[in-house]
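Inside the fold
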Amino acid sequence: MLTYIIRRLLLAIPTLLFISLAIFLLLDLAPGDPLSQMPLTIPPEVKEKIRIALGLGEPMWVRYLLWLRQFFINEPLHIIANMTGWDIASGAQRVISWQTRSPVADIIAQRLPQTLWVVGMSYLVGVLIALPIGIVSAYRQYSLFDQVGTFVSMVGFSVPTFFTGVLMIVVFSVQLGWFPSIYDTTLRVHDWGSFMQQVRQMVMPVAVLSLYNAAQISRFMRASMLDNLNQDYVRTARAKGLTENVVVLVHVLRNSLIPVVTVIALGVPTIFGGAIITEQVFKVNGLGQLLITAIYANDLPMVQTLAFIFAILIVLFNLVADVVYGVLDPRIRYD
Amino acid sequence: MKAFRSLLIGTVAAAAFATNAYAARGTDGEVKIIYWQAPSILTPYLSGGTKDVEASSLILEPLMRYDEKGNLVPFLTQEIPTVANGGVSQDLKTITYKLKPDIKWSDGSAFTADDVVFTWQYCADPAGGCAQLAKFEGVENVEAVDAHTVKITFKEPKPNPYLPFNGAQSPIIQKAQFEKCRGANASSCTDANFGPIGTGPFRVTSFRPNDVVTLEANPNYRDPDKPAFATVTLKGGGDAAAAGRAVLETGEFDYAWNLQLAPDVLSKMAAAGKGKPIAAFGSLVERLEMNMTDPDPALGEERSTAKHPHPILSDLNVRKALSMAIDRQLLVDVGYGQAGRPTCNLVPAPELYASPNTDCIKQDVEGAKKLLDEAGWKPGPDGVRVKDGRRFHLLYQTSVNAVRQDFQALIKQWWADVGVEAELKTVDASVFFGGDAGSPDTFQKFYADVEMYANNFDGTDPEAYLAEHTCSKAPRPETQWQGENINRFCNADYDKLVAELGKTADLEKRGEIGRKLNEMLTKESYVVVPLVDRGRVSAHSNTLGGVVLNTWDSELWNTADWFRVK
């Protein structure tokens, strides 16, 4: 198992380098200009000087190698320097955002908490709702519960979050006034009052995203349960005289979870990707909003770095899913 | 009548005084402002974006600001220097500012002439990529005569010497803080760029780029009773509709910036009664630009250059007919409502420079048809006009924007009514305005016959703006397609008059020349066809007082005077 993991990690290095080059070329060759959002009152000569100050005067390969160096050498150096207090990183240029002229990594670190709270919580809530719904729907296939569950997940699947999000704002913020429509990212939880405020501002975005996540996962759970319920080992278990609870919740559930866990693991990187639309609707201003504003502003270092971090997470969680698969199913061994 | 008026003014002044007398610094709690474009950095020198310029105007101040009518108001100086009071030299080559003596930075240190000199040195550094460099064009030297006197020397006589250090775009930054940030180091000074020390009413407590700025009252602000608010939260992100909703419908925020919303959407929000939309007009004009050169792809490298005049649009009467076919009032009603008014001027304001030109407002379809007939364009079998075997077909491009697409559809229809066929094209705004010389779709390259966008000028003097239409400023391959004379208008008389404007100091005379230049571009030649004078609509809650919407400076120019209505 260990050699397998090491082999996969080594293999990931050329894959990631290739991905970083692909992202860089895609962004660089795409039309667009970091100064397009500046007012027209700034004359073209001045804009040209700004471009040169941003480093756009260099040839493409120089900029790519510079980014690689900044991302793989200078950024880790800065992290080590910050943790240990050693002076090893002075003078090492970090990846700088064109919009803010500040290190990209600092902004990402600043955005991570609210994305993890909101998007991560919605993923967790989604999974916690989806698993029981999937189990019951499969066990009582075509019952009223199954029909309602199917309907709700179809709604969750097909109605976009920009619709459900705005609908919730209009109902719960404008009409009823229960929840704030704008997320306060500066809120610090230090007592019961601020905790309740945090809960109130999280309710709507988490609800919108959970509906979407739960719809997806409950479908997987239901399908996987149905596959297993008709297997021979289930009949054997019942013939042995085991109770229905033990048959379903121990034997069938454990086997059905194998593909579902893989799906859940593969979905984890999307938490870090943030939820572009939902974050915009509720002004959560996490990583999703950071990515989309950077794309609009053609802030290439920011987009490049974010996209590459997502790529790393996807490669990593693919590996995690494979390993978990082996742990859950003793028949699968990689060595 | 006169007595009544002075009585009225007196009452208003007394009322204003009364509110001020009750308020003391920091007694009104928190004011929450929402900008649907989030500020990225808090200095206007490293970003020209409006959101960044306006957010930083809470902290940083220029020597003088423009008020809501476009008049200069001294903020850090004792008076407005003029030729009459000796502040501007007779030869118009120097201007001398006398700074107020007791101004302090928010860290408690004294504000001196050295800071002003440094601000110039900071922006003028060629390696820094200063976004406001144009404000310092023609400046030869800035020197501190004594601790509170600054003298600016220009290379040539400057009839409008107020460009440097005035208005939200070029505020004064603190020398002590930015000294190490000059040139190539500008980007490495994150702490300074995110938390500049200023002389304004507030100072930064925390800044999360592209998200939120929190500020508190500046303890060293020059007026001990101001600002009334103890803290400010400036949240960014989302969209204009959400910002409007937060102020007008839910009341979560006190002030929402630039609500570019359909008129009916805005009026529905305002009906909730929690706040009110306010509008003000500046110099922003949505216009059609007529390409004076031939954009035919068959011309290769020479397309859209002065070598080939446009085969259709070179005729003045044709351009005039295209303008006559348009109903500008309907465009305003559809797209802007309260935030727009029809205009025939490229320079709609300030009053001094605005020509009394209203000929184009009334739509005249029959007149347009007649002009086209006279120009030799006869209706063909399918209704589209033809001349010498050429169809009257125009490629009409603009950026992706809901209102602009509505305008395109309406104008296409009006042109169809007079026998002109328009093909519509939309380009993503980041490409259209991007200025990438390699892209065929930029507005500078103008590979189309007609294009639509909006532009304005900083401050109140349109000299540089009108000078954009001189022959030498045409984008062309030799200039890497950079340049501001988008329609490649070229007229020796116009260039001569622009040069004259550059030498004229007398305001009345400047106004006269400015109006003439505006008319040469619009009603005399129709190379620029103005459509809508676009105002700014923002909204404030009913409990926020003291708001004066200003389009000539930052919208947040007078936050020191904002207060909570009790």
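Reading the values: the criteria
- Residues numbered from 1 in each chain as written.
- Chains lettered and ligands numbered in written order.
- Predicted model: local features only at pLDDT ≥ 70, side-chain atom pairs only at ≥ 80, totals over all residues.
- Heavy atoms only, no water.
- Helix = DSSP H or I, 4+ residues; strand = E, 2+ residues; numbered from the N terminus.
- Rg over C-alpha atoms; globule rule 2.2 N^0.38 Å.
- Buried < 20%, exposed > 50% of the residue type's maximum accessible area, 1.4 Å probe, protein only.
- Contact = heavy atoms within 4.5 Å.
- Areas by Shrake-Rupley, 256 points an atom, 1.4 Å probe, with all protein chains shown as cover.
- Lys, Arg positive; Asp, Glu negative; His and termini not counted.
- Charge placed at Lys NZ, Arg CZ, Asp CG, Glu CD.
- Salt bridge = Lys/Arg side-chain N within 4 Å of Asp/Glu carboxyl O.
- pLDDT = per-residue confidence, 0-100.
- Patch = residues over 30% accessible without salt bridge, like charges linked within 9 Å, V, L, I, M, F, W, Y side chains within 5 Å.
- Core = buried A, V, L, I, M, F, W, Y, C linked by side-chain atoms within 4.5 Å.
- 1 Å grid on protein atoms, 1.4 Å probe; cavity = no way out; pocket = protein on both sides within 12 Å on 5 of 7 lines; lining within 4 Å.
- Points joined across faces, edges and corners; volume = space filled by probe spheres on them.
- Nonpolar A, V, L, I, M, F, W, Y, C, P; charged D, E, K, R; others polar.
- Buried area = accessible area lost by both parts, 1.4 Å probe.
- Polar contact = N/O pair within 3.5 Å; in protein donor to acceptor, adjacent residues only side chain to side chain.
- Pairing = 2+ DSSP bridges.
- Axes fitted to C-alpha atoms, helices over the stretch in contact; angles between N-to-C directions.
- Parallel < 35°, antiparallel > 145°, perpendicular 65-115°, else oblique.
- Left-handed = near helix turned anticlockwise from the far one by under 90°.
- Expected span 1.5 Å × (residues − 1).
- Bend = angle between axes of the 7 residues up to and from the residue.
- Phe/Tyr/Trp six-rings, centres within 6.5 Å; stacked < 30°, edge-to-face > 60°.

This part takes up the overall build of chain B. What chain B contains, in helices and strands, is 15 helices and 21 strands. Compactness check: chain B gives a C-alpha radius of gyration of 25 Å against a globular reference of 24 Å for 566 residues, within 12% of the reference. With respect to the three principal axes, the spread of C-alpha positions in chain B is 75 × 55 × 55 Å. Here chain B holds 566 residues, and 58% of them are scored as buried. Of all intrachain contacts in chain B linking residues separated by at least 6 positions in sequence, the fraction that spans at least 24 positions is 67%. For chain B, the exposed area adds up to about 21500 Å²; of that, 53% sits on carbon and sulfur atoms.

Moving on: the overall build of chain A. Looking only at helices and strands, one finds 12 helices and zero strands in chain A. The linear arrangement of helices and strands in chain A, starting from the amino end, is α-α-α-α-α-α-α-α-α-α-α-α. Referenced to the eigenvectors of the C-alpha coordinate spread, the extents of chain A come out at roughly 80 × 60 × 40 Å. Looking at chain A as a whole, 47% of its 335 residues are labelled buried. For chain A, restricting intrachain contacts to residue pairs at least 6 apart in sequence, the fraction spanning at least 24 positions comes to 71%. Carbon and sulfur atoms make up 70% of the accessible area of chain A, which totals about 17000 Å². Looking at charge distribution, chain A has the averaged site of its 22 positive side-chain charges lying 6 Å from that of its 19 negative ones.

A few words now on the side chain of Glu484(B). Note that Glu484(B) resides in the loop between α13 (463-467) and α14 (492-501). For the buried Glu484(B), no salt bridge is present, and the opposite-charge side chain at shortest range is Lys473(B), 4.2 Å distant. Residues contacting Glu484(B), with those up to four places away along its chain left out, are Pro43(A), Pro44(A), Glu468(B) and Lys473(B).

In this section: the confidence of the model for chain A. Per-residue confidence for chain A averages 87 on the pLDDT scale, and 99% of its residues sit at or above 70. Within chain A, helix α2 (residues 44-53) of chain A has the poorest average pLDDT of any element, 82, and helix α7 (residues 192-229) of chain A the best, 91.

A few words now on a nonpolar patch on the surface. Residue and element names in this part refer to chain A. Where nonpolar side chains cluster on the molecular surface, the patch consists of Phe162, Phe163, Val166, Leu167, Val170, Val171, Leu176, Trp178, Ile276 and Ile277 and spans about 850 Å² of accessible area. Of all elements in the fold, only α6 (161-175) and α10 (276-282) reach the threshold of two or more residues within the nonpolar patch. A per-element tally of the nonpolar patch places α6 first, with six residues. Position of Ile276 among the secondary structure elements: in helix α10. Of the residues examined, Ile276 reaches a relative accessible area of 31% and is grouped as partly exposed.

Moving on to the nonpolar core. Residues and elements named next belong to chain B. Membership of the largest hydrophobic core comes to 114 residues, with the highest contact counts inside it found for Leu63, Phe111, Tyr122, Phe165, Leu517 and Trp562. Here this core takes seven residues from helix α3 (residues 113-124), the largest share from any one element. Non-local contacts of Leu517, meaning those with residues more than four positions away in its chain, are made with Leu466, Tyr494, Leu497, Val498 and Leu501. The next biggest cluster of nonpolar side chains, apart from the first, holds 34 residues, and it includes Ala321, Leu372, Met452 and Val532.

This part covers empty space enclosed by the protein. In the structure shown here, the tally under the stated rule is six cavities of 30 Å³ or more. Volume-wise, the largest cavity comes out at about 170 Å³. When contributions to the lining of the largest cavity are tallied by element, the ones reaching two or more residues are α2 of chain A together with β11 (275-290) and β18 (450-455) of chain B. The residue makeup of the lining of the largest cavity, split by class, is eight nonpolar, five polar and five charged. By volume, the second largest cavity is sized at about 70 Å³. Taken together, Ser323(B), Arg328(B), Cys344(B), Asn357(B), Asp359(B), Cys360(B), Thr522(B), Lys523(B), Tyr526(B), Val528(B), Val529(B) and Pro530(B) make up the lining of the second largest cavity.

The subject of this paragraph is the pattern of salt bridges. Pairing is possible between side chains that carry opposite charge, provided their charged atoms lie close to one another. On inspection of all chains with the given rule, the structure shows 38 salt bridges over all chains. Of the charged contacts, one joins Arg476(B) and Glu478(B) as a salt bridge, the two residues approaching to 3.5 Å between their closest N and O atoms. Since its relative accessible area comes to 26%, Arg476(B) is described here as partly exposed. Overall, Glu478(B) belongs to the exposed group, its relative accessible area being 57%. Each of Glu75(A), Arg94(A) and Asp106(A) takes part in salt bridges that share partners, so that together they form one network.

Looking now at the interface of chain A and chain B. The interface is formed by 44 residues belonging to chain A together with 52 residues belonging to chain B. For the pairing of chain A and chain B, the buried interface totals around 4000 Å² over both sides, and the portion due to carbon and sulfur atoms is 55%. The largest per-residue losses of area from chain A upon contact with chain B belong to Leu40(A), Arg101(A) and Ile182(A), which jointly make up 18% of the total buried on that side. The tally of links from chain A across to chain B stands at zero salt bridges. If you look at where chain A meets chain B, you find 13 residue pairs in polar contact (both at pLDDT 80 or more). When contributions to the side of chain A that touches chain B are tallied by element, the ones reaching two or more residues are α2, α4 (104-139), α6 and α11 (287-296) of chain A. Top element by residues in the side of chain A that touches chain B is α2(A). It accounts for six residues. Residue classes in the side of chain A that touches chain B are distributed as 20 nonpolar, 17 polar and seven charged.

In the sheet, strand β1 (residues 30-35) of chain B pairs with strand β9 (residues 231-236) of chain B via six bridges, with the strands oriented parallel. For Tyr35(B), the partnering residue across the bridge sits in β9(B) and is Gly236(B).

To continue, consider the sheet that holds strand β5 (residues 139-146) of chain B. All names here are of chain B. The three strands lie next to each other as β4-β6-β5, forming an open sheet whose pairing is antiparallel. Pairing within the sheet leaves two strands with one partner each, and these edge strands are β4 (94-98) and β5. Recorded for the sheet is a direction-independent mean angle of 15 degrees between the axes of neighbouring strands. Relative to strand β6 (residues 149-154), β4 runs antiparallel, the two sharing five bridges. Bridging from a neighbouring strand, Ile95 pairs with Ile152 of β6. Each of β5 and β6 touches α3; the most contacted strand, β5, lies at about 165 degrees to it.

Residues and elements named next belong to chain B. Axis separation between helix α6 (residues 240-249) and helix α7 (residues 263-270) bottoms out at 9 Å; the angle between their running directions is 25 degrees. When the axis of α6 is compared with that of α7, the two are roughly parallel. Along the contact surface, α6 presents Ala241, Gly244, Arg245, Leu248 and Glu249, while α7 presents Leu266, Met269 and Ala270. Residue composition of the contact of α6 with α7, grouped by class: five nonpolar, one polar and two charged.

As a further point, take the packing of α4(A) against α7(A). Residues and elements named next belong to chain A. Viewed as axis vectors pointing N to C, α4 and α7 meet at an angle of 35 degrees, and their least axial separation amounts to 5 Å. Crossing of α4 over α7 shows right-handed handedness. Split into classes, the residues belonging to the contact of α4 with α7 amount to 24 nonpolar, seven polar and one charged.

All names here are of chain A. Here helix α9 (residues 244-273) spans 41 Å end to end across 30 residues, near enough to the 44 Å set by a 1.5 Å rise per residue. At Leu253, α9 shows its largest kink, close to 45 degrees. Residue Gly274 follows α9 closely and has a positive phi angle near 75 degrees.

The next thing to look at is the packing of aromatic side chains. For any pair of aromatic rings, the description consists of the separation of the ring centres together with the inter-plane angle of the planes. Using the criterion set out here, one finds 30 aromatic pairs over all chains in the structure. With a centroid separation of 5.1 Å and an interplanar angle of 20 degrees, the aromatic rings of Trp67(A) and Phe71(A) are classed as stacked. With a gap of four residues between them, Trp67(A) and Phe71(A) both fall in helix α3 (residues 60-84), about one helical turn apart. Taking relative accessible area as the criterion, Trp67(A) reaches 4% and is therefore assigned buried. With a centroid separation of 5.0 Å and an interplanar angle of 70 degrees, the aromatic rings of Phe443(B) and Tyr453(B) are classed as edge-to-face. Of this pair, Phe443(B) sits in the loop between α12 (429-432) and β18 while Tyr453(B) is found in strand β18, placing the two residues 10 residues apart along the sequence.

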